[in-house]
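An overview of the molecular structure
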Amino acid sequence: MRFPLSTRPAVPAGTLAAGPQPTAAGRDLVLRPWRDTDASAFLAAYRDPEIRRWHTRRPASEDQVREWFAFYRRAWRQETAASWAMTYGGGDALGRMVVGAMDLGDGVAVCAYWVAPAARGAGVASRSLRAVSDWALGAVGFHRLELDHSTRNHASCRVAAKAGFRPEGTRRSAAVHADGRHDMHVHARIRGDD
């Protein structure tokens, strides 16, 4: 149960659900909501050893992927999360970008991402994270966006830094990965950060 705020919410309820989930763009990249036709590419990405290494929740079938996509659409309508396919020009999915755990009252949300093997090293994640965080901190009105990653996931650390997410510290033994518990680096970007 959530008790009512005594202050004005950072993001008024209904701000997101008032319309369809937007696309976000940054130069050649287009972030778009997931389509059921993306199910096979999404499932294939979760078969990649690097994605499996960092993500312990993963779909087992295309039917389950479509259930996840339906959950993503509900989360948008409920204003709890938004999940995009990272694409070039709206085409095939290159990866996933999420703004989730949305707390509209406090104006805080959590970002997460993965990139399919063929798109790695091209700056897809950092440019997508920058575009989504510009939207969330700007037009939507969030105040703070956070993300965390395993201290062993150096690529994710570079993505966060390139997108303007400053390091804030380490949460010890905070997440379970395929090989056991990991310490997690915490990064954040706040409205007004460069």
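Residues numbered from 1 in each chain as written. Predicted model: local features only at pLDDT ≥ 70, side-chain atom pairs only at ≥ 80, totals over all residues. Heavy atoms only, no water.

A word on the sheet that holds strand β5 (residues 108-115)
- Pairing is mixed across the open sheet formed by 8 strands, whose spatial order is β1-β2-β3-β4-β5-β6-β8-β7. Both outer strands of the open sheet, β1 (24-26) and β7 (166-177), are each paired with one neighbouring strand and no more. Each strand of the sheet is rotated relative to its neighbour by a mean of 25°, with strand direction disregarded.
- In terms of strand pairing, β1 meets strand β2 (residues 29-33) through 3 bridges, oriented antiparallel. Counterpart to Ala-24 in the pairing with β2 is Leu-31. (Pairing = 2+ DSSP bridges. Helix = DSSP H or I, 4+ residues; strand = E, 2+ residues; numbered from the N terminus. Axes fitted to C-alpha atoms, helices over the stretch in contact; angles between N-to-C directions.)

Observations concerning the packing of helix α4 (residues 124-140) against helix α5 (residues 154-162)
- It is at 8 Å that the axes of α4 and α5 come closest, and there the two elements cross at 40°. As summarised for this structure, α4 and α5 are arranged oblique, according to the angle between their axes. In the crossing of α4 with α5, the sense of the turn from one axis to the other is right-handed. The segment α4 lies against α5, with Ala-125, Ser-126, Leu-129 and Arg-130 engaging Val-159, Ala-160 and Lys-162.
- When the residues that make up the contact of α4 with α5 are grouped by side-chain class, the tally is 4 nonpolar, 1 polar and 2 charged. (Parallel < 35°, antiparallel > 145°, perpendicular 65-115°, else oblique. Left-handed = near helix turned anticlockwise from the far one by under 90°. Contact = heavy atoms within 4.5 Å. Nonpolar A, V, L, I, M, F, W, Y, C, P; charged D, E, K, R; others polar.)

Some points on unusual backbone geometry
- At Glu-79, a position not held by glycine, the phi torsion is positive, near 60°.
- Turning to its location among the elements, Glu-79 is positioned in the loop between α3 (62-78) and β3 (82-88).
- With relative accessibility at 9%, the residue Glu-79 sits in the buried group.
- At Ser-173, a residue that is not glycine, the phi angle is positive and equals roughly 50°.
- Its location among the elements puts Ser-173 in strand β7.
- Ser-173 gets classed as partly exposed once you look at its relative accessible area, which sits at 37%. (Buried < 20%, exposed > 50% of the residue type's maximum accessible area, 1.4 Å probe, protein only.)

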